[in-house]
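One letter stands for each residue in the lines below.
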Amino acid sequence: MNTAPNTIASLLAACIWADGEYAEVERITAEEIAEALEFPAKDFHKYMTAAMVEVQNLTPEAATTYAVKHAAKVDPEETGEVFQSLM
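The rules we used
- Residues numbered from 1 in each chain as written.
- Predicted model: local features only at pLDDT ≥ 70, side-chain atom pairs only at ≥ 80, totals over all residues.
- Heavy atoms only, no water.
- Phe/Tyr/Trp six-rings, centres within 6.5 Å; stacked < 30°, edge-to-face > 60°.
- Buried < 20%, exposed > 50% of the residue type's maximum accessible area, 1.4 Å probe, protein only.
- Lys NZ or Arg CZ within 6 Å of the ring centre and 35° of its normal.
- Helix = DSSP H or I, 4+ residues; strand = E, 2+ residues; numbered from the N terminus.
- Core = buried A, V, L, I, M, F, W, Y, C linked by side-chain atoms within 4.5 Å.
- Salt bridge = Lys/Arg side-chain N within 4 Å of Asp/Glu carboxyl O.
- Polar contact = N/O pair within 3.5 Å; in protein donor to acceptor, adjacent residues only side chain to side chain.
- Contact = heavy atoms within 4.5 Å.

*Asks:* Got a minute to help me understand the packing of aromatic side chains in this structure?
*Replies:* Any aromatic ring pair is given by two values, namely how distant the centres are and how the planes are angled relative to each other. This structure, assessed with the given rule, holds one aromatic pair. Taken together, a centroid distance of 5.9 Å and an interplanar angle of 5 degrees make the contact between phenylalanine 39 and phenylalanine 44 stacked. Both residues of the pair, phenylalanine 39 and phenylalanine 44, belong to the buried class. The side chain of arginine 27 reaches across the aromatic face of tyrosine 22, ending 4.2 Å from its centre.

*Asks:* I tried to follow the environment of asparagine 57 on my own but got confused; where do I start?
*Replies:* Relative to the elements of secondary structure, asparagine 57 occurs in the loop between α3 (41–55) and α4 (60–71). Taking the C-alpha atoms as reference, asparagine 57 lies 17 Å from valine 68; in sequence the two are 11 residues apart.

*Asks:* Is there a simple way to think about the nonpolar core in this case?
*Replies:* As a rule of thumb, nonpolar side chains are buried together in soluble globular proteins. Among the nonpolar cores identified, the biggest contains 22 residues, and Ile8, Leu12, Phe44, Met48 and Met52 are the most heavily contacted of them. Residue assignment for this core shows that the elements contributing at least two residues are α1 (5–16), α2 (24–36), α3 and α5 (79–86). Ranked by residues supplied to this core, first place goes to α1 with seven residues.

*Asks:* I would appreciate a short explanation of unusual backbone geometry in the present structure.
*Replies:* Most peptide bonds take the trans form, and the phi angle of most residues other than glycine is negative. For glutamate 38, which is not glycine, the phi torsion reads 60 degrees and is therefore positive. Looking at the secondary structure, you find glutamate 38 in the loop between α2 and α3.

*Asks:* Which parts of the structure should I look at to understand the pattern of salt bridges?
*Replies:* For side chains bearing opposite charge, pairing can occur when the charged atoms are close. Here the structure, examined in full by the defined rule, presents one salt bridge. Its salt-bridge partner being lysine 46, residue aspartate 43 comes within 3.8 Å of it at the nearest N-O pair. Note that aspartate 43 and lysine 46 are positioned in helix α3 at a spacing of three residues, about one turn of the helix. Classification of aspartate 43 as partly exposed rests on a relative accessible area of 30%.

*Asks:* Just to check I follow, could you spell out the side chain of threonine 3 for this structure?
*Replies:* For threonine 3, the location among the structural elements is in the segment before α1. The buried category is assigned to threonine 3, whose relative accessible area is 2%. Looking at threonine 3, its side chain comes within polar contact range of the side chain of glutamate 78, at 2.6 Å. The contact partners of threonine 3, leaving out residues within four places of it in the chain, are Ile8, Phe39, Lys73, Val74, Asp75, Glu78 and Val82.

As structure tokens, this is what we get:
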């Protein structure tokens, strides 16, 4: 995978934080995404934690800007795989 794991974690954090909560089921899903994309779980957890800190106080508009900024960093050849994973 050419797309950096911190980019995917940032996109996932923006999606997760839309409801203002990082629930257990969302944590499990993040772990499953990391596994599916073959990222080391420990490393991906660090990226998720950092991204959740970044998004937790964003307004809806700022969260959208954050997501768009990180979406632009996804490798164009991996767009389908990455966004399918996030869905």
